[in-house]
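These are the residues of each chain, in order.
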Amino acid sequence: MKALNKKLWRTIKSTKGQFLAVAAVVAVGISVYIAMSTAYLNLERSKEQLYRNYNFADYYFHVIKAPEQVTRQIEELPGVTAATGRIQKDVPILKEDVQRATARIISYPLPLEGEVNRFKLLSGRIFQEYPPGGGIEILAEPQYAAANNLTFNDKINIVAEEREVPLTLAGTAISPEFIYPIKDAASLLPDPRSFAIILMPQSQAQQILNLTGQINQVAVKLAPGADQEKIADQIESILEPYGNLASYPRKQQISNAMLQGELDSLQASSKFLPAIFLGIAVAIQFVMLGRMIKAQRMQIGVMKALGYNNLQIMLHYTGYAQVVALSGALLGSLLGLLLASAISQAYAQYFNLPETIGGVNARAIFLGFALSIGVGTLAGLFAARTVTVINPAESMRPEPPKGFGKIFIENWTWLWRKLSPTWKMSIRSAVRNKIRFGVSLLGVTFAVGMLVVAVFSNDSVDYMIDRHYFQEQHYDLLVRFSAPVKDGELLNIYRLEGVLKGEPVFEIPARITYHGRTEENLLTGVPPDLTLKKISGQREETLIPGDEGLLISQRTARKLGVKPGDTVTVETLLGIGPSRRAQIMVTGINSQMIGESSYLSINLANRILQERRLASGVMLSIQPGTEKSIEGRLNDMTEIASISSRQKELDNFNKNLESMIYSISIMIFFALVLGFAIVYNSSIISFAERKRELASLRVVGFSSAEVSGLLLEETLLQTVAGVALGLPFGLFMAKSYVQAISTDLFTMPVVVYPLTYFLSALGGTLFIITAHLLASRGVKKLDLVDVLKNRD
Amino acid sequence: MKNNVLMQLEKISKTYIMGEVTVEALKETSLDIFQGELLVILGPSGSGKSTMLNIMGGMDTTSSGRVIFGDEDLSRAGDSQLTRYRRNEVGFVFQFYNLIADLTARENVELAANLVENPLSTEEVLMEVGLESRMDHFPSQLSGGEQQRVSIARAAVKNPRLLLCDEPTGALDYQTGKLILGLLAKINRERGSTVVIVTHNTSIGEMANRVVRMRSGEITEIIENETTVSPERIEW
């Protein structure tokens, strides 16, 4: 081994604490990068594969009902490569435990060949159109089967056209359409216990739903590069006679939109987090190497005197950073692969993408190494450039003290006079060693900020839950009917034992048009004296739907560019009876945490449909403990399509919190590693640079505790400034993060409770003090004679 | 004066183990230091003079032997007792000043003054060493002689019973060196502090009450000067 390499190796050994701390920061950065980009690639790749192999539709069209043959007309349009007509309809499931669930029936024309949106059989066998024993065979989406412990030949009872129909489970299957099996945008999370996707032969679906020879949905595959909007308009005009209900591109298909949102946020995080960690690692190494070169000034002079050139010496010091980078990358890759499999497994719980698990992303590992060593080398070369100015002869003499003048704070004499000499030392040292102090400050700021980011999502979710389920929703059950009913019939429900209060709702899917722009939205008609629901404005004030106006949803208002006072055109898409149009003035903009609906008075809703006293559902406030019996009684009324229960939604939500706590813990751990490494290193560097002064203090008569206290003062300066900057920075990062992960369907509010700020500040302070204590162990071991006799 | 022993070094030895080599810096050396005297310890490099000074100052411990200061046995003292001793009884002056770069002259002196219960006035001491106009300068703005005067002021402000100086003129020119020695003699004379100066410059011995000569870790000679020469008149 060459002498310089030996020296490098010994330097690493003598600074192993610092070495490990920086390597740990690099390792975290690299492991996050590898884990997230591996998870991203696995997810993206298996998504693309599934989309391609199973012919995922580019555009969807919903109609009331149309003859099957209409698809041939659509297929003939230029730019359309395939069109599949089928039935998709949500129907109630009757479960043995009297709980309600919703089944989304999707029909498949047999024989299966070349249709848009094929499915992939996961277990069991494909349904037979006419099984020998009679009955209807179906396939189910696997999460529902698993959550309800269903096996083959088990029965699922649905209600179709007011008849109870038993279905026989033949197997489970996935499809590009329900990788993320969520019911609609109003559901915050998938609830596999109460939402099923059921695949069945088209002829059977037509029969049980009274749609013989008919379809109600067309899934279309377009040629690459085709003008989507133009073709969509053409298809809509073909379908016009059959009652267009809705049409949307793949981008707005719920499963795809949710999956894409997740992929986008994963990709954003896979760049954002590693950039922070590697950036900090570079900064620490820069300061550390700078200090090392200063301390070894004489050695560098000797090397030069012997004949080593600048480049050789610079490479020697850069080597330190490279070894750090290499160790960090090695450790980071191992951790990253472990973490990647954990992340993939977490995703596999939510996404029907079995190929997601496994898969080593060699490219990410390679890039991780290249990135880590690249930035390490840069930091090393940059720090080592000061080597060139060292003159061999001068370097043998002690370095003259730096030229110091007064610092700005000294001009505030009233304050400055009150400070003890030790505080003056700490403050001047901080101001004069700007880079060293700055890097530490940056580190503490990031660490505290990351603690805020780690914890804030908990606050935001708490806030959302509290506002949605408790501040705004005062009912316990929302019952929806299969078809609108006269309000007189609601009395039967109000009279059920345990029902405290009921209020009708009338939900009408509608198309809202304003100045040529169109958005689909749900109109919800509510009574004027509404008490079971609070409609909030953008400042959380209560809005009351007047007899004439529309309280439009915030997102729809934004997309249409509508303000209160504007008049919009509403076109109903109920699917039953003729479509109606009306002009309504927007009287307010409502803001909702979960879901998207525009509100109006139930009388106005009826007037738009040219009906009187109709309701499509009812909100119920009930006595605690009566939920089960009320649901049981409601189940006997077969015209009920679904019952949503606040309690069950909350339970489902809490079940999902576990995975959130898992990711929060990982973030907190990362923040701690970061903060610890930075403060530990800066304490060590600060200690090394001030060894001589500290020894002088010991000789003058300071005890080692007092000298440690002095170091602590500087650390405290960093802490106070770092926490003060870190808290708002955390809020800023949280906002950027939310912006990055916001999808068209879902925006999380950024809410940070004071307790979170407090805990982040406390957490930041605690690990700073711990790192400081570790670093200041050196004070006790300070060899006074040795330090004071030698001039570096 | 001889009846008033301030510190007794009894058969002190100091052995450094440096890898496989054992260095005997002090070999069972004994010395009494008297209250109020000005003692100069002379010897070449490696004679053990600085080691002895460091042991006197509570900066280093002995391998064997006893160090008695008043009624305290410093050879058995722990870290906190040694800190207390340094704080209350000792002032140190080094060859390379060892001032705190981040504090002005005044603040460097205050730093020491704050440690004891009845310090002298910081400003007065700085005036005594002739720095009245340089009090608010930082070490980097002061010449070597001025820095050494700050260092003396820092040692003197605690009004210590023992002022220990390790090559105080070693880094200074002739004129400045004499000025520093004059200040040390003045503190000895006017404040009654016992001053011990370690140097390899034999001429400095002329200003001492006693001169201790050392070689290879042993005291070879102790000379008592009948008359002392004032530092201004010393030549080297």
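Residues numbered from 1 in each chain as written. Chains lettered and ligands numbered in written order. Predicted model: local features only at pLDDT ≥ 70, side-chain atom pairs only at ≥ 80, totals over all residues.

A. A look at the overall build of chain B. Assigned secondary structure in chain B consists of 6 helices and 10 strands. For a compact globule of 236 residues, the expected C-alpha radius of gyration is about 18 Å, and chain B comes in at 17 Å, within 12% of that figure. Across chain B, contacts joining residues at least 24 apart in sequence account for 70% of those joining residues at least 6 apart. (Helix = DSSP H or I, 4+ residues; strand = E, 2+ residues; numbered from the N terminus. Rg over C-alpha atoms; globule rule 2.2 N^0.38 Å. Contact = placed C-beta atoms within 7 Å.)

B. Looking closely at the overall build of chain A. Per the secondary structure count, chain A includes 23 helices and 22 strands. Along the three orthogonal principal directions, the C-alpha set of chain A runs to about 100 × 60 × 50 Å. Counted over contacts in chain A with a minimum sequence separation of 6, partners at least 24 positions apart contribute 84%.

C. A look at the UniProt feature "domain: ABC transporter" (unreviewed entry) in chain B. Under the UniProt annotation, "domain: ABC transporter" (unreviewed entry) lies at residues 7-235 of chain B. Annotated as residues 7-235 of chain B, this span is 29% helix and 29% strand, and its ends, taken at the C-alpha atoms, are 31 Å apart. (UniProt positions renumbered as here; feature names shortened; annotations may be inferred.)

D. Here's a closer look at the pairing of strand β10 (residues 214-222) of chain A. Residue and element names in this part refer to chain A. Counting buried positions along β10 yields 8 of 9 residues, so the element is predominantly enclosed. As paired strands, strand β1 (residues 59-67) and β10 are joined by 6 bridges and run antiparallel to one another. In the strand pairing of β10, Tyr60 is matched with Ala219. Inspection of the sheet shows strand β2 (residues 80-86) paired to β10 by 6 bridges, in the antiparallel sense. Residue pairing in the sheet places Val80 in a bridge with Leu222 of β10. (Buried ≥ 20, exposed ≤ 12 C-beta atoms within 10 Å, placed from the backbone. Pairing = 2+ DSSP bridges.)

E. Representation of the UniProt feature "transmembrane region" (unreviewed entry) in chain A in the model. All names here are of chain A. UniProt annotation of "transmembrane region" (unreviewed entry) refers to residues 20-43, 272-293, 314-344, 364-387, 435-456, 660-682, 718-738 and 750-775 when read in the numbering used here. For residues 364-387, the end-to-end C-alpha separation is 35 Å, with 88% helix and 0% strand making up the annotated structure. Across residues 718-738 one finds 100% helix and 0% strand; the C-alpha atoms that close the span lie 29 Å apart.

F. Here's a closer look at the interface of chain B and chain A. The interface is formed by 26 residues belonging to chain B together with 22 residues belonging to chain A. When contributions to the side of chain B that touches chain A are tallied by element, the ones reaching two or more residues are α2 (79-89) and α3 (105-113) of chain B. A per-element tally of the side of chain B that touches chain A places α2 of chain B first, with 5 residues. For the side of chain B that touches chain A, the residue count by class is 12 nonpolar, 6 polar and 8 charged. (Nonpolar A, V, L, I, M, F, W, Y, C, P; charged D, E, K, R; others polar.)

G. Region of the structure containing the nonpolar core. Counting residues in each nonpolar core, the largest one holds 282 residues, and the members touching the most others are Val25, Val26, Ile138, Val220, Ile284, Leu674 and Ala677 of chain A. In terms of residue count, helix α2 (residues 16-53) of chain A provides more of this core than any other element does, 19 residues in total. (Core = buried A, V, L, I, M, F, W, Y, C linked by C-beta atoms within 7 Å.)

H. Geometry of the sheet that holds strand β11 (residues 244-249) of chain A. Residues and elements named next belong to chain A. Spatially, 4 strands are ordered β2-β10-β1-β11 in an open sheet, and the strand pairing comes out antiparallel. Since the sheet does not close on itself, it has two edges, and those belong to β2 and β11, each with one partner. Sheet twist, expressed as the mean angle between neighbouring strand axes with direction ignored, is 25°. Along the sheet, helix α6 (residues 228-239) contacts β1, β2, β10 and β11; its crossing angle with β1, the most-contacted strand, is approximately 5°. (Axes fitted to C-alpha atoms, helices over the stretch in contact; angles between N-to-C directions.)

I. Just the confidence of the model for chain A, in detail. Looking at chain A as a whole, its pLDDT mean stands at 85, while 95% of the residues score no less than 70. Across chain A, the secondary-structure element scoring lowest on mean pLDDT is helix α11 (residues 392-395) of chain A, at 69, and the one scoring highest is strand β6 (residues 137-140) of chain A, at 95. (pLDDT = per-residue confidence, 0-100.)

J. Just the domain arrangement of chain A, in detail. All names here are of chain A. As assigned here, chain A comprises domain 1 (1-54 + 273-385), domain 2 (55-257), domain 3 (401-468 + 660-792) and domain 4 (474-645). Placing a centre on the C-alpha atoms of domain 2 and another on those of domain 4 gives a separation of 26 Å. For the side of domain 2 that touches domain 4, the elements supplying multiple residues, two or more each, are β3 (88-94), β4 (100-108) and β11. Of the residues contributing to the side of domain 2 that touches domain 4, the split by class is 10 nonpolar, 3 polar and 2 charged. (Domains from an automatic or database assignment.)

K. Seen up close, the environment of Ile126 of chain A. All names here are of chain A. Here Ile126 is to be found in the loop between β5 (120-124) and β6. Measuring from C-alpha to C-alpha, the distance between Ile126 and Glu137 comes to 8.6 Å, with 11 residues separating the pair along the chain. The contacts of Ile126, once residues within four sequence positions are left out, are Leu121 and Gly171.

L. Geometry of the pairing of strand β21 (residues 614-622) of chain A. Residue and element names in this part refer to chain A. The buried fraction of β21 amounts to 7 of the 9 residues, a majority that puts the element mostly inside the structure. Here 6 bridges tie strand β12 (residues 477-486) to β21, and the two strands are oriented antiparallel to one another. Each bridged residue has a counterpart across the sheet, and for Leu478 the counterpart in β21 is Met619. Pairing between strand β13 (residues 499-514) and β21: 6 bridges, direction antiparallel. Bridging across to β21, Gly502 finds its partner in Leu620.

M. Quick look at the sheet that holds strand β4 (residues 64-69) of chain B. Overall, antiparallel pairing links the 4 strands, which are arranged β2-β1-β4-β5 (chain B) in an open sheet. Looking at strand neighbours, the two that pair on one side only are β2 (21-34) and β5 (72-73) of chain B, the edges of this open sheet.

N. Structural view of the packing of α3 of chain B against helix α5 (residues 144-156) of chain B. Residues and elements named next belong to chain B. Packing of α3 against α5 brings their axes to within 8 Å, and their N-to-C directions diverge by 25°. One way to sum up the angle between α3 and α5 is to call them roughly parallel. Taken as a pair, α3 and α5 cross one another with a handedness that is right-handed. Facing α3, whose interface residues are Ala105, Asn108, Val109 and Ala112, α5 presents Val150, Ala153 and Arg154. Grouping the amino acids of the contact of α3 with α5 by side-chain chemistry returns 5 nonpolar, 1 polar and 1 charged. (Parallel < 35°, antiparallel > 145°, perpendicular 65-115°, else oblique. Left-handed = near helix turned anticlockwise from the far one by under 90°.)

O. Representation of the confidence of the model for chain B. Looking at chain B, pLDDT values average 90 and 99% of them are 70 or higher. This complex was scored by the predictor with a pTM of 0.72 and an ipTM of 0.74.

P. A look at helix α1 (residues 49-56) of chain B. Counted residue by residue, α1 of chain B has 8 buried out of 8 residues, so it is predominantly covered. One or two steps after α1 of chain B, the chain reaches Gly58 of chain B, where phi turns positive at roughly 75°.

Q. Molecular detail of the packing of α2 of chain A against helix α7 (residues 254-295) of chain A. All names here are of chain A. Here α2 crosses α7 at 160°, and the two axes come no closer than 9 Å. Between α2 and α7, the angle falls in the class roughly antiparallel. Handedness of the crossing formed by α2 with α7: left-handed. Looking at side-chain class alone, the contact of α2 with α7 contains 22 nonpolar, 7 polar and 2 charged residues.

R. Just unusual backbone geometry, in detail. Note that the residue after Leu110 of chain A, namely Pro111 of chain A, is joined by a cis bond; omega there is -5°. Inspection of the secondary structure assignment puts Pro111 of chain A in the loop between β4 and β5. In this structure, Asn153 of chain A takes a positive phi of about 75° despite not being glycine. As for its placement among the helices and strands, Asn153 of chain A is situated in the loop between α4 (142-147) and β7 (155-160). You can call Asn153 of chain A exposed: it has 10 C-beta atoms within 10 Å. In this model, Tyr97 of chain B sits at a positive phi of 60°, which is unusual for a non-glycine residue. Within the fold, Tyr97 of chain B resides in the loop between β6 (90-93) and α3.

S. Representation of helix α9 (residues 310-350) of chain A in the model. Over its 41 residues, α9 of chain A extends 57 Å from the first C-alpha to the last, a length consistent with the 60 Å expected when each residue adds 1.5 Å. The principal kink in α9 of chain A, of about 25°, is found at Thr318 of chain A. (Expected span 1.5 Å × (residues − 1). Bend = angle between axes of the 7 residues up to and from the residue.)

T. A look at the environment of Ser621 of chain A. Residue and element names in this part refer to chain A. By the element assignment, Ser621 lies in strand β21. Classification of Ser621 by C-beta neighbours within 10 Å gives partly exposed; the count is 16. Separated by 322 residues in sequence, Ser621 and Gln299 place their C-alpha atoms 82 Å apart. Those residues in contact with Ser621 that lie beyond four places of it in its chain are His474, Tyr475, Asp476, Leu500, Lys501 and Leu532.

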